[in-house]
Each structure stands twice: as structure tokens, then as C-alpha cells.
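# Close look at the chain arrangement
Chain by chain, the residues:
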Amino acid sequence: MIYDVIVIGSGLGGLICARQLAKEGRSVLVLERQSQPGGCLQSYRRGRFDFDTGLHYVGGLAEGQALHEAFEQLGLLRLPWVRLDVDGFDRVTIGRQTFPLCEGFDHFASTLGDYFPGERDGLRKYVDTLRYLPPMEEAAGVNAYDWLTALIHDPLLVNVLSATAMKMELRRASLPLFNFAHSMSSYIQSSWRLRGGGNMIVESLVNDIKSYGGEVICRSEVKELVEQCGRIVSAKCPNGKSYEGKIFISDVHPQLTLGWVKESYKLKSLFRRRVNGLENTFGMFTASLVLKPNTLPYFNHNKYVFRKANVWTFHEEIGGVGGVMVSCRVPEQGNYAQQIDLLTPMPWALCKYWEETVVGRRGEIYELQKERMADECIRLAEKVIPGLGDMVEKRYTSTPLTWRDYTLSPCGSAFGIRKDCRQPMLTMLSPKTPIPNLFLTGQSLVLHGLEGVTMTAFKTLESLEFKA
């Protein structure tokens, strides 16, 4: 069989593309190297608990907001979404001070204005930019840090406004305003958690793909894309199977995707060098905690805790965990939290010694390093949850090495290719490649995160051209 479309990788972007194309009546095949689909959205099970890998909350799901229409098209609004606290969906603690980030642009600016009365004018301009997001051609070449510090003069407020961007990567010299603004905007519109795991999104999309006649095959790692006459004709797997298609969409990191094309007169060495030379964002360390029963009441917001007012640089400094995101999973029943995730950036330098190893065979020193980092994350989180360490029944940890092994992302990068305002057109990739029937999707292209990947997937779909 020759498929209309073969999608490689079953992350959110790949599944969205596959679902929409299958719904249009195209013959669609999704190939996934892991034993289950989902990419960064997949969950894993330990004992009686499921743990998320990438999804912790999402913004802009209310009617008329950033993701509402897309999720309605995708059938994802039917999932059990729980709206976070309007008067503080995120709480930022720096040193001994805590600041609530509120839903609604005016509410957001007004509340922080009460803490920083001399910055009310700057806060209004800040939220106006996030309310009316500037187009990429205007904002991709603007330095986010320079823009922010030109508006806001109090260094503490600059850090407060930037704190939740831990879920991307803050770089003073290079982060584009376009990416910074998009990352912040939708959460201020409205913020939501799932009552359940990210696998609910995966299952919904996969079930739709199959109901529309598409196929999803796991344990099918692609090792080569075969080109003939300037077009990709098949995807080859190590087990000897080969799948033929008319159009190919890769939801795998672009640097890996180009490596599958062994010989090509369309894919020039200059393009390969350009993409392979791009830097990747850092990875994340996660400590997933199972709490003793009835020890911590559920809190319907996220907590961001920093040791010092150095939000833009703490991940570059040596000397222990300097910032942590605390995300509480919605309990299945009752009012007490059962699971909490602690996340902090982890440079690849801390993992490099073990880069040639595999899961479960990295040795005692690696395990001790993970335990040390988990201890540090817990101690920092205890600034806002006193006694958290005594509440923990079990804990599980993961590093960028874990992320790399499951998603193939180079150096365990959590957010894909790093965007650079100094070279926006170089670091913002198009869904199209020099090979006319090979397309890209996913967070390495323009925007990361659930919103960014969703928007990118629809851009990828718009780029496709089907021949009669």
C-alpha cells in the first residue's frame, strides 16, 4: 500500500497532523519508535500512579482565546479540564516574597500594580503587548530582555514577570520577544489542568485517527528515508519493513530527520550544516513525588520558587538548584494532593559523563546525583510548602538523559532548537524542507509548548500540497 501521508513520531504535532488528514479522508500511517504513542505527552506508571512527562498545564482554552478553536476542532475540549485559580494561577516566590499572577490581562496588571505602584504604566504596556501579540516578522528580531527592561525599571518585577518562563528557556542575549510573549500570553487569558494524565490527549487523538481509518504502529523506529528522483518514497525500519508514501511529515527533531536522508540531490550540504549547527535548549530535571495520604491539601495553582532574584541567569550558575516549579496534580478524589512534580533546568554538562549509557545502567554515581538534586528541589519547595520532605512516600526522578532516550531529542533538550533574536530567520524553521514532499512539525520550528506545537501543526497542514 502507498499511503497518502506517513507521519513519523507520535508527539502532539504528529498526532494533530495525522488526525486532521485522516478526517479529510487521506490514508494516513503514524510510525512511533516507542511502545506507546505520545512523545512528550506520554505518561508512565509506577505502582498505582500515572506520571506525566511534559504536560503540566495549558493556557487559553476558554471561548475566544488562543487554543479554544483548535482544541474544539480536535475534540479535546471534551476532556476533563480544571481551571486554575483566577486570583493566582501561578504564584512566584523570590527570596521571602510571593506574588500572584492573576487571570485576565487587566486583573494581572492591576494586582501586580498593587505590589509595584510605581510600575503601573509599564505593566499596562506589558499586558497590552501580550493581549495584542505582535506578528513574527515584527517581534522575532526583538530581544525580549531588552524590551522588558525598557518597560519595567524595578529589577524584582522584571524577575517576577519572567519567572514562569522556566517552562521555556530564558537567554538575555538571544530570546526573541515573539517567543517570550506567546509563552506568557495564553496563560494569563486562562490556565487549565487535566483531571488525569496527558495520555488522555494522546488517547483521544489516536482514537480519532483510527476511527477515521488511519493507522498507528508503535515499535517502528525509522532509520532511513529513501529518496528517488528528488522525492521521499519510503520510510525504512531496522526490522526490514519499509512503508511507502506520497507525503512524509516528521515530528522528530529536525537534526535527526535530516540524518535519515542518506543521499539526496535536493538536500544540499549547506542546508544540512545550517540545521545541524543550531543550538538546542536545555533539558529538565524532574522529581515526581507520591505523598502520604491526607498530608497536603490540594492547591489549584503552580508555585515557582527562586532562591534569589536571578530568574534570567539561575540555570547558568553553578552551586545547587536555584529555582523550581511545583505542579500539583488534580486529585482523583478528595481534597488532598496525592502527587506533585518538581521541575528545574539541568544543563547537559551534568549528564555528559553518562551520555553513552542506557536507562537502568548508569551506575551509582548517577543515581546519587539524581537523589542530591531531588533533595535540593524539595528543600527549595519547602519555602512555600513547609515540611514537604516529611510528606513524601515515594519519589521518582528523571534527567535530560531520560528525556533523550525516550524522545531522541539531542542532549535531552526540553524545548527543541533555541530561537535567537539576532538570527531569527536562521533559527525559526519552516515546515517545508528542500525535498518537496518532506515536511516538519513540532516545537523546534517556531514555538514550543502545547500551544506552540498545536499552532505549528496547523501551519504544517497548510503547507501540504496534494497532487490529484
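In what follows, the structure referred to is the one given above.
Residues numbered from 1 in each chain as written. Predicted model: local features only at pLDDT ≥ 70, side-chain atom pairs only at ≥ 80, totals over all residues. Heavy atoms only, no water.

## What about helix H6 (residues 144-151)?
Here H6 has its buried residues at Ala 144, Tyr 145, Trp 147, Leu 148 and Leu 151. Taken end-on, H6 shows its buried residues confined to a sector of 160 degrees, consistent with a single buried face. In this structure, the buried residues of H6 make contact with helix H4 (120-131), helix H7 (155-162) and helix H8 (177-189). N-cap assignment for H6: the residue whose side-chain oxygen lies 2.9 Å from the backbone N of Tyr 145 is Asn 143. (Buried < 20%, exposed > 50% of the residue type's maximum accessible area, 1.4 Å probe, protein only. Helix = DSSP H or I, 4+ residues; strand = E, 2+ residues; numbered from the N terminus. Arc of directions from axis to C-beta. Contact = heavy atoms within 4.5 Å. Polar contact = N/O pair within 3.5 Å; in protein donor to acceptor, adjacent residues only side chain to side chain.)

## Things to note about the pairing of strand E2 (residues 28-31)
Of the two faces of E2, both are covered, the one formed by Val 28 and Val 30 as well as the one formed by Leu 29 and Leu 31. Pairing of strand E1 (residues 2-8) with E2 involves four bridges; the strand directions are parallel. When the bridges of E2 are listed, Val 7 appears paired with Val 30. Where the polypeptide runs from E1 across helix H1 (residues 12-23) and back to E2, its parallel neighbour, the crossover connection is right-handed. Two elements, E2 and strand E10 (residues 215-217), share three bridges in a ladder whose sense is parallel. Residue pairing in the sheet places Val 30 in a bridge with Val 216 of E10. (Pairing = 2+ DSSP bridges. Right-handed = clockwise from strand over helix to strand, strands pointing away.)

## Brief notes about helix H16 (residues 449-463)
In this model H16 runs 21 Å from its N-terminal to its C-terminal C-alpha over 15 residues, within 8% of the 21 Å that 1.5 Å per residue would give. The buried count for H16 comes to eleven of 15 residues, which makes it a mostly enclosed element. All buried positions along H16 are accounted for by Leu 450, Glu 451, Gly 452, Val 453, Thr 454, Thr 456, Ala 457, Phe 458, Thr 460, Leu 461 and Ser 463. (Expected span 1.5 Å × (residues − 1).)

## A few points about the packing of aromatic side chains
Tallied over the entire structure, the rule returns 14 aromatic pairs. Grouping aromatic residues by their ring pairs yields a cluster made of Tyr 44, Phe 51 and Tyr 396. Just above the ring of Phe 299 sits the side chain of Lys 303; from NZ or CZ to the centre is 4.6 Å. Over the ring of Tyr 366 we find Arg 362, and its NZ or CZ is 5.6 Å from the ring centre. (Phe/Tyr/Trp six-rings, centres within 6.5 Å; stacked < 30°, edge-to-face > 60°. Lys NZ or Arg CZ within 6 Å of the ring centre and 35° of its normal.)

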